[in-house]
Amino acid sequence: MKKLFFSALLAFLCSGVSAQLISTGLLDVMKERGESDYGWNMNSISLYDDTLFASTMYGIYYKDLKSDGHWSPLGNISLAVDDLVKNGDHIVAVARLSEDASEIKRRDAAQALILSDDNGKTYEVDSLKEFSEGFYSDRITSLTQNPSRKEQLFLISEILEDNRYRNLGLFISNDNGKRWLEVSKENGASIPPIGLYEDPSHVGCVGRVYMNPHDADMGFIVGMEAHWEGIKGALLRTNDCFAVVDKITELDGADVHDNAPQSILFNKENKNIMLMSVGNGILKSTDGGNNWTFKLKVDGRKENEFFTNIVYDKDIPNVVYALSTAHPFASFEKKKLFHIYVSDDDGETWNLACTINDHSVNYHYITHYGTWMHLNLLVPYTNKLFICCDDDVFYLDTTDIQTGISSVSTEDCIGDGFIYDLQGRRLSAEPAHGIYIKDGKKIAR
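Just so it is clear, the model here is predicted, and its values are computed rather than measured.

Let's talk about the side chain of Ser-55
With respect to the element layout, Ser-55 can be found in strand 3 (residues 51–56). Given the relative accessible area of 2%, Ser-55 is considered buried. Dropping the residues within four chain positions of it, Ser-55 is found in contact with Met-42, Asn-43, Ser-44, Val-81, Asp-82, Asp-83 and Leu-84.

Given below as structure tokens:
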């Protein structure tokens, strides 16, 4: 099966045929309701059981994938929602305080949580100032759920001070978001400021908490550290649910947008194997996150690429998809472009599956917020890969990638001693950066 998949995949890549991006119809539903009059509409997507949820600038929508139903609003909440987590009938979402999407400014991002105990029929909206003493934020950087303890949620917030964002802390809830405790102050816990420096002149730009589904206490925070020497990507690790931070890892890179970690993906069976996306590629660890090695690396600025989410295929073992969207420094004209990469060997080697033009992904966050908003943009489902674009929720038919959509022979692409790019065009020399094919082998630099 694996060999067949790779052969078909290579044929697809060499053919130069683009996969078709198919709309799920959410934008049409929003237009019917008069809720799509702003420059962007979608923020993130998530899957619970067979229901796909979309967090939008106009509330939460859901779609039953098993029955292939239409999109419907979840309750009558009209706030701009950035992200959500769900545990049975309990829903917690990150929201903004303004109900007018056209009036939302940078400082209005992610200032409140909305909570529901009846599966979205009714909501309670809480400003962060009301949660606990000293708990105030100009924005929430992320809200995540422990996959092993779904009632356990993590929230990271920041404050704006002297026109610079400084991290306020990591908060934890063990009751589906009803009560929150600041982890860094509980029982003398030794977690440092997420910026990794206690000196207040340093800026802490944080991302998201990722908990290992095989180990309820093993977690990571992806983010960045900033100080007078510059900015580096950073990774905080814990083996006891952040009671103590065991290790802080700095990631080397020439530019903050290149080495800023974005997401972590855990192997389905082995808790010590994991993948991490950073701005300029994909890294892999086989020792529980102690050491990381690049498996895919690109020149982000040159190629106009910025890696965000990575996910496993729902049904096929070891098949992984990665999304790279427009680089933060890309011009406005170049923002409508993103790439899907695929690996069939658990992230060891990668190929460019397709490039999509005319649709931007997460561009407004990357442009206006830097790399702090780590949202869910990819969701795998049977024979589908859902993608949250700025203008709609789309999907790719993954059978196009897995079985190929062209009968073009691969004889000209493999085993003849020449070098080819992923479109099957012969090159005069091995490129210094990127992915190419030589003697039938995929090579990434």
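Focus: the pattern of salt bridges
Taken as a whole, this structure holds 10 salt bridges when the rule is applied. In this structure, the salt-bridge partner of Arg-179 is Asp-175, at a minimum N-O distance of 2.8 Å. On the basis of relative accessibility, which here comes to 60%, the residue Arg-179 falls in the exposed class. Residue classification places Asp-175 among the buried residues on the basis of a relative accessible area of 13%. Measuring nitrogen to oxygen at the nearest pair gives 3.1 Å for the salt bridge that ties Lys-284 to Glu-348.

Some points on the packing of aromatic side chains
What the rule picks out here adds up to five aromatic pairs. Aromatic pair Tyr-48 and Phe-53: ring centres 6.2 Å apart, planes at 70 degrees, arrangement edge-to-face. For the pair formed by Tyr-48 and Phe-53, the shared burial category is buried. Note that Lys-297 overlies the ring of Phe-294, its terminal NZ or CZ placed 4.7 Å from the centroid. A cation sits over an aromatic face here: Lys-384 above Tyr-395, 5.2 Å from the ring centre.

Some thoughts on the sheet that holds strand 1 (residues 21–23)
The antiparallel open sheet is built from four strands, whose spatial order is 1-28-27-26. Since the sheet does not close on itself, it has two edges, and those belong to strand 1 and strand 26 (378–381), each with one partner. For this sheet the average axis-to-axis angle between neighbouring strands, irrespective of direction, equals 30 degrees. With four bridges connecting them, strand 26 and strand 27 (residues 384–388) associate as antiparallel partners. If you follow Pro-380 over to strand 27, its bridge partner there is Leu-385.

Quick look at the confidence of the model for the chain
Chain-level pLDDT for the chain is 75 on average; 64% of the residues reach the 70-or-more range. In this model residues 1–17 is a low-confidence stretch, pLDDT under 50, and it forms 42 contacts with partners more than four residues away in sequence or in other chains.

Regarding the layout of surface pockets
Counted as a void, the largest pocket has a volume near 1300 Å³. What lines the largest pocket is a set of 41 residues, and nearest its centre among them are Leu-47, Pro-147, Leu-265, Val-311 and Asn-376. When residues of the lining of the largest pocket are traced back to their parent elements, those giving at least two are strand 2 (42–48), strand 6 (81–87), strand 10 (139–146), strand 11 (149–161), strand 14 (203–211), strand 18 (261–266), strand 22 (306–312) and strand 26. The class makeup of the residues in the lining of the largest pocket is 22 nonpolar, 12 polar and seven charged.

Cut-offs applied
Residues numbered from 1 in each chain as written. Predicted model: local features only at pLDDT ≥ 70, side-chain atom pairs only at ≥ 80, totals over all residues. Heavy atoms only, no water. Helix = DSSP H or I, 4+ residues; strand = E, 2+ residues; numbered from the N terminus. Buried < 20%, exposed > 50% of the residue type's maximum accessible area, 1.4 Å probe, protein only. Contact = heavy atoms within 4.5 Å. Salt bridge = Lys/Arg side-chain N within 4 Å of Asp/Glu carboxyl O. Phe/Tyr/Trp six-rings, centres within 6.5 Å; stacked < 30°, edge-to-face > 60°. Lys NZ or Arg CZ within 6 Å of the ring centre and 35° of its normal. Pairing = 2+ DSSP bridges. Axes fitted to C-alpha atoms, helices over the stretch in contact; angles between N-to-C directions. pLDDT = per-residue confidence, 0-100. 1 Å grid on protein atoms, 1.4 Å probe; cavity = no way out; pocket = protein on both sides within 12 Å on 5 of 7 lines; lining within 4 Å. Points joined across faces, edges and corners; volume = space filled by probe spheres on them. Nonpolar A, V, L, I, M, F, W, Y, C, P; charged D, E, K, R; others polar.

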